[in-house]
Amino acid sequence: MGTTKDIGQAIFAYRAFDLRDHFPQPLETFREALECLQSDVAYMAAMSGEIIAYLRGGGSIKIPDDFFIYRSDNSIDLLGKEENDAIWLAVEAWLLERLAQISADLSPPEPSRLRPYKLELLLDQCDANADETDDVCAWRDLTEVGREQLDECAAPKKLL
């Protein structure tokens, strides 16, 4: 991960949330989601605004609202549209770092070359030369495993 293209490949949609959930549709870009929160339709976006990035593969990332909400001692304000370029640059850098962290955390684990201790104990108890039970032999001889074959006379009949 390292470019805007990488963000586009990792994230398939964004979603903006306000207090009354006026924006249920997924959005293609972070800027569109931010503009939804900055619109006149948004309800108390400065108090409850959120933007979520949905990842390919089922994950999601909540983008910290510190990027687009300004908090001071006694007030909370949504940053204006004139600052969207600067906000996007900051969010882009943060997303690249976060996506790199996620991909490092999700790297495929290397399989162990050793069997677990309990499996070794179980295998020690098994006799490889033991005869198979009748149930195992009957199961192996079944033509269709998992399907029941019902006899016509065994099926319950309804009384008229």
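Residues numbered from 1 in each chain as written. Predicted model: local features only at pLDDT ≥ 70, side-chain atom pairs only at ≥ 80, totals over all residues. Heavy atoms only, no water.

## Details of the overall build of the protein
- In terms of helices and strands, the protein carries six helices and five strands.
- Start at the N end of the protein and walk to the C end: the helices and strands fall as α-β-α-α-β-β-β-β-α-α-α.
- Within the protein, the fraction of its 160 residues that count as buried is 24%.
- Taking the intrachain contacts of the protein between residues at least 6 apart in sequence as the baseline, contacts between residues at least 24 apart amount to 53%. (Helix = DSSP H or I, 4+ residues; strand = E, 2+ residues; numbered from the N terminus. Buried < 20%, exposed > 50% of the residue type's maximum accessible area, 1.4 Å probe, protein only. Contact = heavy atoms within 4.5 Å.)

## Comments concerning the packing of aromatic side chains
- Counted by the stated rule, this structure contains four aromatic pairs.
- Among the aromatic residues, those joined into a cluster by ring pairs are Tyr-14, Phe-30 and Trp-88.
- When the ring centre of Tyr-43 is taken as origin, the NZ or CZ atom of Arg-20, which lies over that ring, is 3.8 Å away. (Phe/Tyr/Trp six-rings, centres within 6.5 Å; stacked < 30°, edge-to-face > 60°. Lys NZ or Arg CZ within 6 Å of the ring centre and 35° of its normal.)

## Notes on a nonpolar patch on the surface
- A cluster of nonpolar residues, Leu-19, Met-44, Met-47 and Ile-76, forms a patch on the protein surface that exposes about 380 Å² of accessible area.
- One can find Ile-76 in strand 5 (residues 76-78).
- Looking at Ile-76, the relative accessible area reads 32%, which means it is partly exposed. (Patch = residues over 30% accessible without salt bridge, like charges linked within 9 Å, V, L, I, M, F, W, Y side chains within 5 Å. Areas by Shrake-Rupley, 256 points an atom, 1.4 Å probe, with all protein chains shown as cover. Salt bridge = Lys/Arg side-chain N within 4 Å of Asp/Glu carboxyl O.)

## Thoughts on the sheet that holds strand 1 (residues 11-17)
- The three strands lie next to each other as 1-2-3, forming an open sheet whose pairing is antiparallel. Two strands lie at the open edges of the sheet, namely strand 1 and strand 3 (60-63), each paired on one side alone. When the angles between neighbouring strand axes are averaged without regard to direction, this sheet yields 20 degrees.
- Across the face of the sheet, helix 2 (residues 30-38) comes into contact with strand 1, strand 2 (50-55) and strand 3 while running at roughly 5 degrees to strand 1.
- Sheet contacts for helix 4 (residues 84-105): strand 1, strand 2 and strand 3; angle to strand 3, the most-contacted strand, approximately 145 degrees. (Pairing = 2+ DSSP bridges. Axes fitted to C-alpha atoms, helices over the stretch in contact; angles between N-to-C directions.)

## Describing the side chain of Asn-84
- With respect to the helices and strands, the residue Asn-84 is situated in helix 4.
- The class of Asn-84 is buried, set by a relative accessible area of 2%.
- Every residue in contact with Asn-84, bar those within four places of it in the chain, is listed here: Arg-31, Leu-34, Glu-35 and Gln-38.

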